[in-house]
Amino acid sequence: MLIPLRHENMQGRRWPVISIALIAINFVAFLGTHWQIEAQAPKQSETRVHILMLAAMHPELSMSPEVQEFVTNFRGKNPAVWKKVESQTRQPEDGWEAKMRMTESPSALQDEMDSLEQRFADIEHDSILAHYAFVPAHPQPIAYVTANFLHGGWLHIIGNMWFLWLAGTILEDTWGRIIYPVFYLLSGAMALEFHAWSNPGSLAATLGASGAVAALMGAFLVRFPKTKIEMMWLFGFGFRSYRFHARAYWLLPLWLFMELFSGAILGGSSGGVAHWAHVGGFVFGAVAAVGLGYSGLEHVANQAIEAKVTWTAEPVIVQATEKIDQGNLDEAISILQTNVGSGAASIDACALLSQLYWRKNDVPNYHGAIIKLCQMHLKAQNVDAAWEDFGQYLNSGGERMPASTWLELCRTAEGQQNFERAVEEYDRLARAYPKERQSLLALMAAGRLSLKKLNRPAEALHFYRAAADSPVPHLDWAMNIEGGIQEAQKSLASVEVPGTKAWSDKSPV
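Criteria and thresholds
- Residues numbered from 1 in each chain as written.
- Predicted model: local features only at pLDDT ≥ 70, side-chain atom pairs only at ≥ 80, totals over all residues.
- Heavy atoms only, no water.
- Pairing = 2+ DSSP bridges.
- Helix = DSSP H or I, 4+ residues; strand = E, 2+ residues; numbered from the N terminus.
- Axes fitted to C-alpha atoms, helices over the stretch in contact; angles between N-to-C directions.
- Parallel < 35°, antiparallel > 145°, perpendicular 65-115°, else oblique.
- Left-handed = near helix turned anticlockwise from the far one by under 90°.
- Contact = heavy atoms within 4.5 Å.
- Nonpolar A, V, L, I, M, F, W, Y, C, P; charged D, E, K, R; others polar.
- Buried < 20%, exposed > 50% of the residue type's maximum accessible area, 1.4 Å probe, protein only.
- Polar contact = N/O pair within 3.5 Å; in protein donor to acceptor, adjacent residues only side chain to side chain.
- Expected span 1.5 Å × (residues − 1).
- Core = buried A, V, L, I, M, F, W, Y, C linked by side-chain atoms within 4.5 Å.

**Q** For the sheet that holds strand β2 (residues 228-235), give the residues involved together with the corresponding values.
**A** Ordered by their spatial adjacency, 3 strands build an open sheet running β1-β2-β3, and the pairing between neighbours is antiparallel. Looking at strand neighbours, the two that pair on one side only are β1 (2-7) and β3 (240-247), the edges of this open sheet. For this sheet, the mean inter-axis angle between neighbouring strands, taken without regard to orientation, is 25°.

**Q** With reference to specific residues and values, describe the packing of helix α21 (residues 457-468) against helix α22 (residues 478-495).
**A** Remark: α21 packs on α22, axes separated minimally by 8 Å, with the N-to-C direction vectors making an angle of 155°. It follows from the interaxial angle that α21 and α22 lie roughly antiparallel. The way α21 lies across α22 gives a crossing that is left-handed. Contacts between α21 and α22 pair Pro457, Ala458, Ala460, Leu461, Tyr464, Arg465, Ala467 and Ala468 from the former with Ile481, Gly484, Ile485, Ala488, Gln489, Ser491, Leu492 and Val495 from the latter. Across the contact of α21 with α22, the residue classes tally to 12 nonpolar, 3 polar and 1 charged.

**Q** Kindly report on the side chain of Gln40, identifying the contributing residues and their values.
**A** If you trace the backbone, Gln40 turns up in helix α1 (residues 17-57). What makes Gln40 buried here is its relative accessible area of 16%. Among the polar contacts made by the side chain of Gln40, one reaches the main-chain amide nitrogen of Ile128 at a distance of 3.3 Å. Not counting residues within four places of it along the chain, the set of residues in contact with Gln40 comprises Asp126, Ser127 and Ile128.

**Q** Outline α21, supporting the account with residue identities and numerical values.
**A** The end-to-end C-alpha distance of α21, which contains 12 residues, comes to 16 Å, matching closely the 16 Å that a straight helix rising 1.5 Å per residue would cover. Of all the residues in α21, the buried ones are Pro457, Ala458, Glu459, Ala460, Leu461, Phe463, Tyr464 and Ala467. Check the buried side of α21 and you find it contacts α19 (419-432), α20 (437-452) and α22.

**Q** So, helix α11 (residues 275-295): which residues are in play, and what are the values?
**A** Helical periodicity: at 3.6 residues per turn, an α-helix aligns residues three or four positions apart in one direction. If you check α11, its first and last C-alpha atoms are 30 Å apart, about what 21 residues at 1.5 Å a residue would give, namely 30 Å. Note on α11: the residue one or two positions beyond its end, Gly296, has a positive phi of about 90°.

**Q** Help me get a handle on the nonpolar core, residues and values and all.
**A** Of all hydrophobic cores here, the largest spans 60 residues; its most connected members are Leu336, Leu356, Met401, Trp406, Leu409, Tyr426 and Leu429. What Tyr426 contacts, discounting residues up to four positions off in sequence, is Leu407, Cys410, Arg411, Glu414, Ala442, Ala445, Ala446 and Leu449. Of all hydrophobic cores here, the second largest spans 41 residues; its members include Phe149, Tyr180, Ala209 and Ala246.

**Q** Give a detailed account of the side chain of Glu425, specifying residues and quantitative values.
**A** With respect to the secondary-structure elements, Glu425 resides in helix α19. Judged by relative accessible area, which is 1%, Glu425 ranks as buried. Within the structure, Glu425 has its side chain in polar contact with the side chain of Trp406 (distance 3.0 Å). What Glu425 contacts, discounting residues up to four positions off in sequence, is Trp387, Phe390, Trp406 and Cys410.

Given below as structure tokens:
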């Protein structure tokens, strides 16, 4: 199973309010209709099966136009099944069929068909799917919209909404809050129409946002073909996982090829999936994205968004900049210090303050400002900027970043799967603050990563032993540390070669 996790263009210029609204509407519609649809399905299924059985056993019975259309459509699309239903030698499917086989009175059989027709009409009248899902044989105009907001189950809606979030938010940021929702709704309608063209006369209800989401994927391919998408591959009985990155220009066409194969070889709706709706939506989305680019509408929308989000300097930045232009660096520093110390500091103010300290060669205060800036970037979850601050701190002679900030940086490196850098910084942190609780946490984390991620049991054993010998009280972690030591020793013993000196004697410290 391949699951997309994120892509490198997740950060937009504004909140994706339209995408959030679409997702919310889908979930509200799902919660408001799902259980009713599930309750209606068994009755509808039983009635339809009994109509087909009775029509196959007694084709001479008269039927209403709606029921006749249903029977004729089924017989045409499922000739093998129809032939089996017609057989008088097979075992009855249920007690009702057994009773019908024993009934010889034409009037009684016609009464039963009339009763089934009435039930069929009542169910269709009350059915959510009949009114709001898309039925190719007789589509309701409203269904071109409503069918895109109905879903058949939790996996169905969660999968669609996740793909909507991944592809839709960046397209909303590109096209704006007018073009994007119009594109989405039109794409859903076109995908359903494509499904109708590929399944003419079908009475099967189609529902779900898959066609519209496929259009978003097609547009994503056109607009961001080189974007890296992070994927997770789940495999094996224990659902082991492997992560990798793939460019959109080969990953999305591969998905389209799989849908084409499923639609052409396995059938347009194999496994209950409307593959041709996906194909139609994808193609429409790609073509529409090209058209928006050539029409100039995308450029106009982008200019309107830029006009709304263009950065304007804060008053404190303006005041400080004026002082800098006048050559009054000390006054500019005083203004910025007041702002930073007030607790209402902005990242820009703190960055400008650090630059002024550097210009005045005030290294101690420069280090303090850089540490503050790094903390603010971490709080804003701008990890790359935080690491850049840390690099500037080290390059300017800094040696001991505050333990809590340093530990948080290490954890961000681990979160980015940069395990080598994480272990290196955990080790440096533990050396710099041997008597702080953060050093104990750093040693345990370094041991865990060395053992589990880097396959270095000797280093892991060193880190766990250092944690065991730490002067920091650690009764609450003693069992974890001892368990790590035992696991590292066991792993180390399995790789040592008898008669040679174990490479575990090499300590990273």
